[in-house]
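Notes for the structure review
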Amino acid sequence: MTSEKYSGERIRQEFIEFFSEHRHTFVPSSPLVPGGDQTLLFTNAGMVQFKDVFLGTDKRPYTRAANSQKCMRVAGKHNDLEDVGQDNTHHTFFEMLGNWSFGDYYKKEAITWAWQLLTEVWSLPRENLWATCFKDEKGEIPSDEEAANEWKSQPGFNPAHVMYFGRKDNFWEMAELGPCGPCSEVHFDRGLKYCDMKQIPGHTCQVNGDCKRFLELWNLVFIQYNRLSPTVLEPLPAKHVDTGMGLERIVSVLQDTDSNYKTDLLFPLLRATQVLTQHNDVEMEINLTPYRVIADHTRAATFLIADGVVPGNVGRNYICRMIIRRASRFGTNIGLHDPFLATIAEKVIETYGGFYPELLKNRAAILSNLTREEERFTQTVESGVAKLENLLVKLQIGDKKILPGEQSFDLYATYGLPLEITRDISRERGMEVDETGFREAMEKHRLASGAGEAFGSQGGEDAEFYKDLLADLEMGRQLGQEGVQYNPYEWIEVQGTVLAMVSQGETIIEAKPGDWVEVLIPRTGFYVESGGQVADNGVILGDHGETWEIHITDVRKPVAGAIIHIGQVVHGHPKTGEPAIARVDHQRRMDIMRNHTATHLLHAELREVLGDHARQAGSLVASTHLRFDFTHPQAVTPRQLEAIEASVNKRILGNYDLTIQYKPLQQAISDGATALFGEKYGETVRNITIGEPEIFSNELCGGTHVNSTGDIGLFLITSEGSAAAGIRRIEAVTGTAAYELVQKRFKILKRSSNLLETSPEDLPSRAEQILDELAEVRKTITELRRSQARVIFHEKIGETKLIHDVAVMAAEIPGADSDILRLFTDQFRQRYPTGVIVLATVNSDGKPSLIAAISEDLVNRGFNAGELVKHVAALLGGGGGGRPTIAQAGGKDASNLVEALASVSVWVSEHLNK
Ligand SMILES: [Zn+2]
Ligand SMILES: [Zn+2]
C-alpha cells in the first residue's frame with residue numbers, strides 16, 4: 001500500500017529541496033504556539049510566521065522562503081475537531097508545505113514551479129490536473145487572466161482545465177482590511193470511481209463540486225492589493241506569493257490511498273493501536289473512528305507537549321488536555337483501559353523525529369505528560385460519565401433534547417469531562433449540548449476565580465502613525481532605511497538630534513516641564529522590553545549644557561525601525577531639532593544584566609537537577625529581582641532548591657566568561673542551543689553560551705548580559721510556588737538586592753538574638769528552650785484557672801433555685817474553658833436529677849461562651865437545651881445549638897450577661913406552664 005518510492009518523509013524533503021534549488025531559504029517550522037501573536041491560539045497556516053513581512057512591519061534577510069509548517073486547527077474559526085475521526089481527511093494537527101516570495105518572483109515562476117514539481121518531480125499525470133483562477137462575481141476586481149495564461153502555457157496542461165471562481169473560493173484576505181489578492185488552486189482528478197455523490201440528483205461532478213473525486217492540492221495566493229475599505233483596493237508596491245499544500249493530502253495522492261490515515265504518516269499509529277487491542281483487520285475496520293481519533297489526537301498532543309504546551313485548564317493547555325482525554329475515551333470504547341497513549345506517541349516520535357528534532361529532545365516529557373493526564377482522567381471519568389448519563393436520562397424523560405450549558409460546565413469543573421467529550425456522549429444518545437451556555441458558564445467561572453483574560457489585546461494601534469513618521473524622516477534624510485540605530489549591548493550614552501516628539505498621538509515642536517512625551521532620536525542604547533527583560537530607564541538631556549531634561553521610564557517599538565523613549569520633562573523646554581544626549585541608567589541596567597545572566601544559570605541548573613522536562617514557560621528579568629516559570633509536575637523540594645541555589649553560586653564564583661555569537665538559527669539549534677517556545681526568532685540568532693571548556697548554558701537570547709558570571713555577585717532564591725497547573729515559579733535576587741536581603745536578614749537575626757540574650761548560633765536552641773518553658777507556664781496557668789473555676793462553681797451551685805420540682809442554676813464562671821464547663825454540668829446533673837443548668841464564661845477576646853444542659857426526664861417533658869441556649873445567646877447577640885440534653889453557644893457582647901443568665905429562670909417557668 002505504501003510505496004517505497006514516495007514515503008511521506010521523502011515527499012516533504014523533495015518539496016524543500018525543489019525550492020532550495022530555486023534559491024529559496026529553508027525556514028524551519030515555527031512552534032505551534034505563535035511567537036509574539038496574541039490574537040492566535042495556535043499556528044494554523046504556514047504564513048503565520050511571515051505575517052509581519054506582509055504587513056510591512058518586519059523585514060527578512062531573504063526574499064524567497066520554503067518550509068513545512070506544523071499547524072493546529074482545533075479551536076476558533078478553523079475548527080475541524082468534530083469531523084476528526086469521522087472521515088479520512090480531517091485532522092487537528094497537520095503539516096503545511098509552502099513557498100513564499102516577498103516582493104521577489106510572482107505568478108509566472110510560482111505557477112511554473114508548481115507545475116514542474118507536480119508533473120516532473122512527482123510525475124502526476126498532466127491530464128488529471130486542473131487549475132482554478134479568480135473572476136469577480138461582482139465585476140469590481142479584475143479577473144486574474146495573468147494566472148490563467150500562465151497555466152495554459154505550461155507544457156502538457158490542457159487549456160480546457162482552467163476554471164474560474166469568485167470571491168469565496170479564489171480571493172484571499174488576511175483580515176477585513178490589509179493585504180489581499182486572488183488565488184489559484186491546483187486540483188487533482190482521482191477518477192470517476194472516487195465520486196461519492198453519483199446518486200445525488202443535480203450533482204455536477206467537477207472541480208469544487210463537493211465530491212471526493214476532485215482534490216484541492218495546492219493553493220497559490222498572489223498578494224497584490226491592500227484593502228483600504230470594503231470597496232477600495234490599492235495595488236501594493238511589492239507583490240508577494242504565499243502558497244500552501246497540505247502534506248497529508250499530497251502524500252495520500254502520491255501513495256494512491258483513499259485515506260490520509262492509510263499513508264505512512266499515520267498508518268503506523270493505527271497499527272500500534274491494533275497491537276494493543278489485538279483486533280484483526282476486520283475488527284479494526286469496523287472500529288475505524290476510534291482508531292483515527294487516537295492516531296490524530298495522539299499526534300497532535302505529542303507535538304503540542306514538545307512545544308511546551310502541557311495539559312491544563314485554560315487556553316492552549318485546555319486544548320492539550322481535551323484532546324488527550326478524548327483519545328483516552330475513544331480508547332476505552334475499543335477496550336483499552338490502562339494508559340496507552342505513550343505507546344502510540346512513541347510511534348509518532350519515531351515517524352516524525354527525523355524532521356522535527358524537538359520530539360526526540362522532549363521525549364521524556366511527552367510520554368510522562370500523556371500518561372499522567374490519562375491517569376488523572378481515568379480517576380474521575382467514570383463518575384463523570386455516570387453523572388452525565390443520569391442527566392441525559394432525566395432530560396429524555398422530560399422529552400428535552402438539549403443538555404444545558406451550566407450542567408456540561410459542571411461536569412467539566414467537577415469531573416474533568418471536557419465539553420467535547422460530553423458532546424460526543426450526548427450525540428451517541430441523540431442529544432445536543434448548549435455550547436454557548438457552556439462557554440458563558442466557563443467565562444463566569446473564570447472571572448469569579450480571577451483567572452483574568454485568556455488573551456490580551458494586540459496593541460500597537462499607533463503603528464500606522466509611526467510608519468508614516470519614519471517614512472517622512474527617511475525622506476528628509478534624517479533617518480536611514482533601517483530606521484533608528486539600536487545597540488543596547490554597547491551604547492550606554494549616545495548623542496543625536498531630537499528627530500520628533502509625540503504627545504497624545506501628535507507630533508509637537510516643543511514641550512514644557514511636566515509634559516509626558518515620546519521622543520525619537522537617530523540612535524539609542526535603551527533596551528526595548530523583550531524576552532522577559534524590562535525596558536531601560538534613564539534620561540535624555542539637552543546637549544547645550546543643562547538646558548532641559550526628560551526622565552525616561554519606558555521604551556517601546558511600535559513598528560520595525562522606530563524606537564520610542566517615553567518620559568516626563570523634569571525641567572527646561574526640549575525642542576525638535578535640538579542636539580541631545582540619551583543616557584541609560586547604568587546602575588539599574590547592571591542590576592538587570594545580573595538578573596538576566598543569573599536566569600540563564602538558573603535555567604541550566606533546573607534542567608540539571610530536575611531533568612530535561614523543566615523548560616522555561618515564562619520569565620521576568622527586572623532590576624529588583626528575577627522570576628522564572630518552568631514546566632514541572634510537582635513542587636521543588638527544599639533539598640532540590642538548596643542544590644540549585646548552591647550550583648548557581650558555584651557557577652558565579654567560577655567567574656566564567658560569556659560567549660556571544662551571531663549564527664544561523666539552524667546551526668545554533670544543532671550546536672545545542674535551547675530555543676524557547678512562544679519566542680519568535682529571526683534567521684540569524686544571538687547565541688549565548690557559558691562554560692569553558694564544557695558549556696553548561698546555551699541559549700538563544702537578545703537580552704543584555706554581564707561579561708562574566710562573577711559580576712552577578714550572589715544569587716538567592718526567595719520563593720518557590722505554583723504558577724499554573726504543571727508550571728512552577730521561582731523568584732530570586734542577585735547582586736545589590738541579594739546583598740540587601742542578606743543585610744536585612746542579618747539585622748533581624750542580630751535583633752532576635754539580642755532580645756533572647758544569646759548568640760545567633762545558639763538562637764534555635766534558645767528559642768526551643770523558651771517555647772518549652774512557655775508550654776510549661778501555659779499548662780500551669782490552665783490548672784490554676786481550673787481550680788479557681790472549681791471554687792467558684794462550688795460556691796454558685798449552692799445558690800441553685802427550685803422552680804416547682806426543677807433545679808435551676810445559671811451562673812458565670814470566670815476563667816473557665818469549655819472542657820471544664822462541660823464537666824461542671826455533669827456534676828450538676830449528678831446532684832440534681834431533675835434540673836436545668838446554664839454556665840457562661842467570658843473569653844480573653846471579650847466574647848461570652850455558653851453551655852446549657854437539661855436532664856433526660858425534663859427532655860421527655862418537652863424541654864430542649866438547644867432551644868434554651870439559643871434563647872440565651874440571642875440576648876448576647878449570638879447563636880448556637882446542640883442536642884436536647886446539652887448544647888453550646890457563643891455571643892458577641894458580654895455586657896448583657898447578667899440579664900441573659902437571669903432570663904433562664906423565666907424561660908423554665910414559662911415552659912413549666914405550657
Ligand atoms: Zn462527483
Ligand atoms: Zn536570556
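Up top you'll find the structure we're talking about.
Residues numbered from 1 in each chain as written. Chains lettered and ligands numbered in written order. Predicted model: local features only at pLDDT ≥ 70, side-chain atom pairs only at ≥ 80, totals over all residues. Heavy atoms only, no water.

1. A few points about the overall build of the chain
Summing up its helical and strand segments, the chain has 26 helices and 34 strands in all. Relative to the 2.2 N^0.38 estimate, which gives 29 Å for 914 residues, the radius of gyration of the chain is 38 Å and therefore markedly larger than a compact globule would have. Counting only C-alpha atoms, the chain reaches 120 × 85 × 55 Å along its principal axes. Across the 914 residues in the chain, those meeting the buried criterion constitute 50%. (Helix = DSSP H or I, 4+ residues; strand = E, 2+ residues; numbered from the N terminus. Rg over C-alpha atoms; globule rule 2.2 N^0.38 Å. Buried < 20%, exposed > 50% of the residue type's maximum accessible area, 1.4 Å probe, protein only.)

2. What about the sheet that holds strand β26 (residues 697–700)?
Pairing in this open sheet of 3 strands is antiparallel, and the strands run β24-β25-β26 from one edge to the other. Every interior strand has two partners, whereas the edge strands, β24 (658–664) and β26, have only one. Sheet twist, expressed as the mean angle between neighbouring strand axes with direction ignored, is 25°. Relative to strand β25 (residues 684–690), β24 runs antiparallel, the two being bridged by 7 bridges. Paired with Thr 659 across the strands is Thr 689, a residue of β25. (Pairing = 2+ DSSP bridges. Axes fitted to C-alpha atoms, helices over the stretch in contact; angles between N-to-C directions.)

3. Digging into the side chain of Ser 29
Locating Ser 29 in the fold gives a position in the loop between β1 (25–26) and α2 (51–55). A distance of 3.2 Å separates polar atoms of two side chains, one belonging to Ser 29 and the other to Gln 69. Within the local environment of Ser 29, its side chain forms a polar contact with the backbone nitrogen of Lys 70, the two atoms lying 2.9 Å apart. The contact partners of Ser 29, leaving out residues within four places of it in the chain, are Gln 49, Asn 67, Ser 68, Gln 69, Lys 70 and Tyr 356. (Polar contact = N/O pair within 3.5 Å; in protein donor to acceptor, adjacent residues only side chain to side chain. Contact = heavy atoms within 4.5 Å.)

4. Quick notes on the packing of aromatic side chains
Under the definition given, this model contains 29 aromatic pairs. Summarising the aromatic geometry, the rings of Tyr 105 and Trp 113 are spaced 4.8 Å apart at their centres and angled 75° between planes, so their arrangement reads as edge-to-face. What makes Tyr 105 buried here is its relative accessible area of 2%. We classify Trp 113 as buried; its relative accessible area is 10%. Look at Phe 303 and Tyr 356: their rings are 5.3 Å apart centre to centre, the planes differ by 85°, and that puts the pair in the edge-to-face class. Of the two residues, Phe 303 is situated in helix α9 (residues 288–306) and Tyr 356 in the loop between α11 (341–352) and α12 (357–361); the sequence distance between them amounts to 53 residues. Judged by its relative accessible area of 0%, Phe 303 is buried. Through successive ring pairs, a cluster of aromatic residues spans Phe 15, Phe 18, Phe 19, Tyr 105, Trp 113 and Trp 218. We note Arg 190 situated over the ring of Tyr 194; from NZ or CZ to the ring centre the distance is 4.6 Å. (Phe/Tyr/Trp six-rings, centres within 6.5 Å; stacked < 30°, edge-to-face > 60°. Lys NZ or Arg CZ within 6 Å of the ring centre and 35° of its normal.)

5. A closer look at the coordination of the zinc ion (ligand 2)
Here the zinc ion (ligand 2) is held by His 596 (NE2), His 600 (NE2) and Cys 701 (SG), and the distances to it run 2.1 to 2.3 Å. All donor residues of the zinc ion (ligand 2) come from one chain, and their arrangement in sequence is H-x3-H-x100-C. Placement of the pair is His 596 in helix α18 (residues 586–610) and Cys 701 in the loop between β26 and β27 (715–724), with a sequence separation of 105 residues. Note on accessibility: His 596 and Cys 701 belong to one class, buried. (Donors = N, O, S within 2.8 Å, 3.2 Å for Na, K, Ca; no water.)

6. What about the coordination of the zinc ion (ligand 1)?
On the protein side, the zinc ion (ligand 1) has Cys 195 (SG), His 203 (NE2), Cys 205 (SG) and Cys 211 (SG) as donor atoms, found 2.2 to 2.3 Å from it. Classification of the site at the zinc ion (ligand 1) as tetrahedral follows from its 4 donor atoms and the range of 101 to 114° in their angles at the metal. Of note, the donors binding the zinc ion (ligand 1) are all from one chain and are spaced C-x7-H-x1-C-x5-C. On the criterion of sequence distance, the pair formed by Cys 195 in the loop between β7 (178–189) and β8 (214–227) and Cys 211 in the loop between β7 and β8 is long-range, its members being 16 residues apart. This pair shows no difference in class: Cys 195 is buried, exactly as Cys 211 is. (Tetrahedral: all angles 85-135°; square planar, octahedral: opposite > 155°, others 65-115°.)

7. Some points on empty space enclosed by the protein
This structure, assessed with the given rule, holds 2 cavities of 30 Å³ or more. In this model, the second largest cavity occupies a volume close to 40 Å³. Every residue along the wall of the second largest cavity is listed here: Ser 328, Thr 332, Leu 336, His 337, Asp 338, Pro 339, Phe 340, Glu 374 and Thr 378. Elements with a minimum of two residues in the lining of the second largest cavity: α10 (315–333) and α13 (363–397). A breakdown of the residues in the lining of the second largest cavity according to their chemical character gives 3 nonpolar, 4 polar and 2 charged. (1 Å grid on protein atoms, 1.4 Å probe; cavity = no way out; pocket = protein on both sides within 12 Å on 5 of 7 lines; lining within 4 Å. Points joined across faces, edges and corners; volume = space filled by probe spheres on them. Nonpolar A, V, L, I, M, F, W, Y, C, P; charged D, E, K, R; others polar.)

8. Considering the sheet that holds strand β19 (residues 549–556)
A sheet is described by the order of its strands in space; here 8 strands give the open sequence β13-β21-β18-β19-β20-β16-β14-β15, paired in antiparallel fashion. Among the strands making up the open sheet, the edge pair consists of β13 (493–497) and β15 (506–508). Strand-to-strand twist in this sheet, taken as the mean axis angle between neighbours without regard to direction, amounts to 35°. Sheet analysis places strand β16 (residues 516–520) next to strand β20 (residues 564–571), joined by 4 bridges and oriented antiparallel. In the strand pairing of β20, Val 517 is matched with Gly 567.

9. Some details on the pattern of salt bridges
This model, assessed by the stated rule, comprises 43 salt bridges. Asp 189 is the partner of Arg 213 in a salt bridge, and the nearest nitrogen-oxygen pair spans 2.8 Å. In this pair, Arg 213 is assigned in the loop between β7 and β8 and Asp 189 in strand β7, connecting sequence segments 24 residues apart. Neither residue differs from the other here; Arg 213 and Asp 189 are each classed as buried. Note that Asp 629 and Arg 729 form a salt bridge whose closest N and O atoms lie 2.8 Å from each other. Here Arg 729 lies in strand β28 (residues 727–734) and Asp 629 lies in strand β23 (residues 626–631), a separation of 100 residues in the sequence. Each of Arg 321, Arg 325, Glu 373 and Arg 376 takes part in one network of salt bridges that share partners. (Salt bridge = Lys/Arg side-chain N within 4 Å of Asp/Glu carboxyl O.)

10. Observations concerning the side chain of Arg 190
Turning to its location among the elements, Arg 190 is positioned in the loop between β7 and β8. One buried charged residue, Arg 190, forms no salt bridge at all, with the nearest opposite charge on Asp 256 at 4.4 Å. Within the local environment of Arg 190, its side chain forms a polar contact with the backbone oxygen of Ser 252, the two atoms lying 3.4 Å apart. From its side chain, Arg 190 meets the backbone oxygen of Thr 257 in a polar contact 2.9 Å long. With residues near it in sequence (within four places) discarded, Arg 190 still touches Lys 212, Arg 213, Leu 215, Ser 252, Val 253, Asp 256, Thr 257 and Asp 258. (Lys, Arg positive; Asp, Glu negative; His and termini not counted.)

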